[in-house]
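# Chains, contacts and geometry: an overview
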Amino acid sequence: MTQDILTLKDVSVRKQKTLVLKGIHLRLSENEFVGVIGPNGAGKTTLLNVIAGFEEFAGELHVFGRKETWKRVRRTRLRIGYVPQLFPVDPGFPILAAEAVMTGAVGRVGLFRNPGIKEHAEAVRLMEMMRIAHLASRPLGQLSGGERQKISLARAILQKPDVLLLDEPTANLDIAVQKEVLNLMDEISKREALTILFVTHDFNMLPERMRRVVMLKAGEKVFDGDIHKALRSDTLSRLFQYPLETFERNGRRFVSYG
Amino acid sequence: MVEQLLDILSYPPIQRAVIACVLCGASCALLSVFVVLMKMPLIGVSMSHAAFAGAVLGLLLGINPFLSGFILCLLVAAVLGPLSDRADIAPENLLGILFSFLMGIAFLGMGILTQTKAGALNLMWGSLLSLSETDVWVLTAVTAVLILFVILFFKEIRAVLFNRRVAASAGVPERMIYYMLLFLTGAVVSSNLATVGGLLIFALLVQPGATALQLTYNLKSFFWISAISGILACALGLVVSYIFDIPSGASVVLIATLLFALAFLFSPKRRLIKRNERNPSYENDVR
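Just so it is clear, the structure is predicted and the values come from calculations on it, not from any experiment.

## A few points about the overall build of chain B
What chain B contains, in helices and strands, is 15 helices and zero strands. Taken along its principal axes, the extent of the C-alpha atoms in chain B is 70 × 50 × 30 Å. Expressed as a percentage of its 287 residues, the buried residues of chain B come to 48%.

## Some thoughts on the packing of helix α2 (residues 12-37) of chain B against helix α7 (residues 133-152) of chain B
All names here are of chain B. Contact pair α2 / α7: the axes reach a minimum separation of 9 Å and the direction vectors enclose 30°. If you check the angle between α2 and α7, you find them roughly parallel. The hand of the α2/α7 crossing is left-handed. Residues Arg16, Ile19, Ala20, Leu23, Cys24, Ala26, Ser27 and Leu30 of α2 form the contact with α7, whose own contacting residues are Glu133, Asp135, Val136, Leu139, Thr140, Val142, Thr143, Leu146, Ile147 and Val150. In terms of residue class, the contact of α2 with α7 is made up of twelve nonpolar, three polar and three charged.

## Section: the interface of chain B and chain A
If you look at the interface, chain B gives 28 residues, while chain A gives 36 residues. No other element matches the five residues that helix α8 (residues 154-162) of chain B contributes to the side of chain B that touches chain A. Its residues assigned to classes, the side of chain B that touches chain A shows 13 nonpolar, seven polar and eight charged.

## Overview of the pairing of strand β12 (residues 252-256) of chain A
When a strand is regular, its side chains alternate between the sheet's two faces. Residues and elements named next belong to chain A. Alignment of strand β11 (residues 245-249) against β12, held across five bridges, turns out to be antiparallel. The residue bridging Glu248 from the neighbouring strand is Arg253, located in β12. The antiparallel hairpin formed by β11 and β12 contains two residues in its connecting segment, where Asn250 sits at a positive phi of about 50°.

## Notes on the nonpolar core
In a soluble, globular protein the nonpolar side chains are often hidden away together inside. Counting residues in hydrophobic clusters, the biggest one holds 170 residues, and the most contacted among them are Ala97, Val101, Ala154, Leu165 and Leu197 of chain A. For this core, the leading source of residues is α2 of chain B, giving 15 residues. When residues of this core are assigned to domains, at least three fall in each of domain 1 (1-79 + 163-258) and domain 2 (90-160) of chain A. If we skip the residues at most four places from it in the chain, Leu197 of chain A touches Leu28, Val34, Val36, Leu48, Ile51, Val163, Leu165 and Leu166 of chain A.

## Regarding the sheet that holds strand β3 (residues 33-37) of chain A
Residues and elements named next belong to chain A. The six strands lie next to each other as β6-β7-β8-β3-β9-β10, forming an open sheet whose pairing is mixed. The open sheet has two free edges, formed respectively by β6 (80-83) and β10 (220-226), since each of these has just one partner strand. The average angle at which neighbouring strand axes cross in this sheet is 15°, direction not considered. Where strand β7 (residues 163-167) and strand β8 (residues 195-200) come together, five bridges link them in parallel fashion. Residue pairing across strands places Leu165 opposite Leu197, the latter belonging to β8.

## Some thoughts on the domain arrangement of chain A
Residue and element names in this part refer to chain A. As far as domains go, chain A holds domain 1 (1-79 + 163-258) and domain 2 (90-160). The gap between the C-alpha centroids of domain 1 and domain 2 is 25 Å. Every contact between the two is made by 13 residues of domain 1 and, on the other side, eleven residues of domain 2. At the level of secondary structure, the elements contributing two or more residues to the side of domain 1 that touches domain 2 comprise α2 (74-78) and α6 (175-192). Broken down by element, the side of domain 1 that touches domain 2 gets its largest block of residues, six residues, from α6. Of the residues belonging to the side of domain 1 that touches domain 2, the class tally is eight nonpolar, one polar and four charged.

## A closer look at the packing of α8 of chain B against helix α10 (residues 174-191) of chain B
Residue and element names in this part refer to chain B. It is at 10 Å that the axes of α8 and α10 come closest, and there the two elements cross at 90°. As judged from the angle between their axes, α8 and α10 are roughly perpendicular. Listed contacts from α10 to Glu156, Ile157 and Val160 of α8 are Glu174, Ile177 and Tyr178. In terms of residue class, the contact of α8 with α10 is made up of four nonpolar, no polar and two charged.

## Quick look at the environment of Lys22 of chain A
Residue and element names in this part refer to chain A. By the secondary structure assignment, Lys22 is in strand β2 (residues 18-29). It is 8.4 Å that separates the C-alpha atoms of Lys22 and Ala218, two residues lying 196 residues apart in sequence. Once you skip the residues sitting within four places of it in the chain, Lys22 turns out to touch Ser12, Gly219 and Glu220.

Rules of the game
Residue positions within a chain follow its written sequence, with the count starting from 1. Labels are handed out in written order, letters beginning with A for the chains and numbers beginning with 1 for the ligands. Whole-chain, interface and lining totals are the exception, using all residues; otherwise, since this is a predicted model, local features are given only for residues with pLDDT of at least 70 and side-chain atom pairs are given and counted only at 80 or more. For the purposes of this entry, the term helix denotes a DSSP run of H or I that reaches at least four residues, the term strand denotes a run of E that reaches at least two, and both are numbered from the N terminus. The burial criterion counts other C-beta atoms lying within 10 Å of a residue's C-beta, which is placed from the backbone; the residue is buried at 20 or more, exposed at 12 or fewer, and partly exposed between these limits. Fitted lines through C-alpha atoms give the axes, limited to the stretch in contact for helices. The angle between two N-to-C directions lies from 0 to 180 degrees. Angle categories: roughly parallel below 35 degrees, roughly antiparallel above 145, roughly perpendicular from 65 to 115, and oblique for all the rest. Left-handed describes a crossing whose near helix is turned anticlockwise from the far helix through less than a right angle; right-handed describes the clockwise counterpart. By definition, residue pairs are in contact when their C-beta atoms, positioned from the backbone, come within 7 Å. In this count, Pro and Cys sit with the nonpolar residues alongside Ala, Val, Leu, Ile, Met, Phe, Trp and Tyr, while Asp, Glu, Lys and Arg are called charged and the others, Gly among them, polar. One requirement defines pairing of two strands: DSSP has to find at least two bridges between them. Joining buried Ala, Val, Leu, Ile, Met, Phe, Trp, Tyr and Cys residues through C-beta atoms within 7 Å gives a set, and that set is a nonpolar core. How far each domain reaches was decided by an automatic or database domain assignment.

Below you can see the structure in the form of structure tokens.
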């Protein structure tokens, strides 16, 4: 039987008198791969921030059966991996790619201890899986956006989380790199048995293992269900308030922007 | 000349000045790694103004100026810490307001000081030759705590310097690290009021880190280069001020700037970055 990993009950977030999340109810089970889709300002990142523990909220949040506020103990933090949108790193910043990956093990090993052989071997395995092992000794700030996002993914998985939160990880990447990162996510989902919550606004670039989609609009949940029902022209046109058509090719549904 | 220099080193006030100079260079330079890599020079300038304003208030109220400077630094840290955690406030604007307000307090205090203003001016420019033994001991203790902080929490520091939010999500106690950093900034700045003063210290909170940024990708080397350039700036500055009979604070800052200029001119990193910019490897993205 699958177990509920995350439960949100009537979760709301207010920012400067504006409700950016309105009474969200959501349950996530073990090994689910769920997409969060919506237009800009729909509250997608805020939802992720609530779960990650970066945002104060009203309502109830249960993580692994335990009621949580936005302030988290280390044990809970370790179980939730987080990959933010691509963020700038100065070309001269003193951190190498391998060191950036290893920061994912820092919280797990705890204070006054250094990551050991086991953690280093795991980092190497992940970098090989992401096909970035050859970049290990390169300064992080000199890598391309796609390479930095793969480093970010490897770092988050090195943490050995049960849940992985991905905040538009393919935004601002070239199409080929987007596809490569998506394939990696499918591989991660299969190999690491993680529950994944994936925020995006690009519904033509969705990982294949994603089966469920949550749609947000102006802070409200307007759809929660099967991806094939979500990717219908009437649902999407209503969500984005723009005429959108969908079509199928090779068993996959695509969206045409008209 | 060398004999003359060695001769004056036998005088206790000069010995204290030299030790304080090395400690000042080391402590400010270690802090400058954080100031530069976390891009928070305004926090450094606010802290130095807080220490200065607190010390002037201390003179006014008849309490130890370094203690009052330290207390005001801690108060500023207590305001700055939570503010920087709030996403809805631009900290830069508030820092700008805060540091000009503290400067206003300091000058107001100086205006109504009835006693001689020399004490207050010393707090502004520092006075290496009038350091007491207590000043040197306090500076030693603060520098030792800062070095211990860097050694004990090095891996956490690296994670926080890289990205505070990512570090927090990985279970790193980033708030503890950040608040300890603010506390240590207050302690370093206020304990150095007597050496380089509340105004010139800002240069030492930026330049050694900026110098190291030109030279290495390794964080451990970064701390070492920063510390060595800070100590070098202070020690050479003192010697130059003695030889040419110029104010020591000014010569320290000028030497620190010179070291930065040399590192910038001969930076191997800059050459590498420029080369990469000239030959962008687009294939990196689709490998």
